[in-house]
Amino acid sequence: MTNTDVNTDETVKTLNGLISILEDGKLGYTNAAEHVENLAMKADFLDYARERALFIVELQDEINKLGKSTDTSGGGPLGALHRTWIDIKSSFTGGDTKAIINACVTGEEAAIEKYKAALEENHLEHSQVYIVSKQLNSIQNTLSQIKMRGI
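About the thresholds
- Residues numbered from 1 in each chain as written.
- Predicted model: local features only at pLDDT ≥ 70, side-chain atom pairs only at ≥ 80, totals over all residues.
- Heavy atoms only, no water.
- Helix = DSSP H or I, 4+ residues; strand = E, 2+ residues; numbered from the N terminus.
- Buried < 20%, exposed > 50% of the residue type's maximum accessible area, 1.4 Å probe, protein only.
- Contact = heavy atoms within 4.5 Å.
- Axes fitted to C-alpha atoms, helices over the stretch in contact; angles between N-to-C directions.
- Parallel < 35°, antiparallel > 145°, perpendicular 65-115°, else oblique.
- Left-handed = near helix turned anticlockwise from the far one by under 90°.
- Nonpolar A, V, L, I, M, F, W, Y, C, P; charged D, E, K, R; others polar.
- Phe/Tyr/Trp six-rings, centres within 6.5 Å; stacked < 30°, edge-to-face > 60°.
- Salt bridge = Lys/Arg side-chain N within 4 Å of Asp/Glu carboxyl O.

**Considerations on the overall build of the protein chain**
No. 1: Looking only at helices and strands, one finds 6 helices and 0 strands in the protein chain.
No. 2: What you see in the protein chain, going N to C, is helices and strands ordered as α-α-α-α-α-α.
No. 3: Burial analysis of the protein chain (151 residues in total) assigns 41% to the buried set.
No. 4: Across the protein chain, every contact between residues at least 6 apart in sequence was considered, and the portion connecting residues at least 24 apart equals 77%.

Take a look at the structure:
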């Protein structure tokens, strides 16, 4: 295996880890939208879920550009590290808006942590750093919006 192959594998591993937490976020926001009564919040959560889906496609495109296929098995072991959103579903069952918002905050904080780690690992190419940074900024803005709900 050449150094370039190792670099490519590390890049794919990093991007797949981000895809995994984005999948979790998409699912988390979809679940949140199903369990809140407030129509404005429901619409916001659905928008966040759609945004996560677009982010996934962006990252999958980057993996495909590297000549690799995307990991459709749910992110592999890297994704399992931050399955925060999956565990959050229990918070939604009571329809408690405060619990749902707290769960979303927890999920977004995990995503931000994962994004920052991906940027620090330095396995990404310049164009990928741009995309990941842009997505991180958007996730940070989403977290601020959710926190501003102030419930």
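Read on for the rest.
**Remarks on the packing of helix H2 (residues 39-65) against helix H5 (residues 97-121)**
No. 1: Contact geometry of H2 with H5 gives a least axis separation of 13 Å together with a crossing angle of 20 degrees. The angle between the axes of H2 and H5 places the two elements in the roughly parallel class. The handedness of the crossing between H2 and H5 comes out as left-handed. Only Thr 97, Ile 100, Ile 101, Cys 104, Glu 108 and Tyr 115 of H5 make contact with H2, whose side of the interface consists of Met 41, Phe 45, Arg 52 and Leu 59.
No. 2: The residue makeup of the contact of H2 with H5, split by class, is 7 nonpolar, 1 polar and 2 charged.

**Let's talk about the packing of aromatic side chains**
No. 1: A complete count under the given rule lists 3 aromatic pairs for this structure.
No. 2: A ring pair is formed by Tyr 29 and Phe 45, whose centres lie 5.8 Å apart and whose planes are at 25 degrees; its orientation type is stacked. Of this pair, Tyr 29 sits in helix H1 (residues 3-35) while Phe 45 sits in helix H2; the two residues are 16 residues apart in sequence, bridging distant segments of the chain. Each member of the pair, Tyr 29 together with Phe 45, is buried.
No. 3: Among the aromatic residues, those joined into a cluster by ring pairs are Tyr 29, Phe 45 and Tyr 48.

**Here's the deal with the pattern of salt bridges**
No. 1: On inspection of all chains with the given rule, the structure shows 8 salt bridges.
No. 2: The salt bridge involving Glu 51 is made with Arg 52; its shortest N-O contact spans 2.6 Å.
No. 3: Note on Arg 52: relative accessible area 1%, which makes it buried.
No. 4: Close ionic contact of Glu 109 with Lys 147 constitutes a salt bridge, the shortest N to O distance being 3.6 Å. Of the two residues, Glu 109 sits in helix H5 while Lys 147 sits in helix H6 (residues 126-148), which places them 38 residues apart along the sequence.
No. 5: For Glu 109, a relative accessible area of 38% gives the class partly exposed.
No. 6: The class of Lys 147 is partly exposed, set by a relative accessible area of 47%.
No. 7: Each of Glu 51, Arg 52 and Glu 108 takes part in salt bridges that share partners, so that together they form one network.

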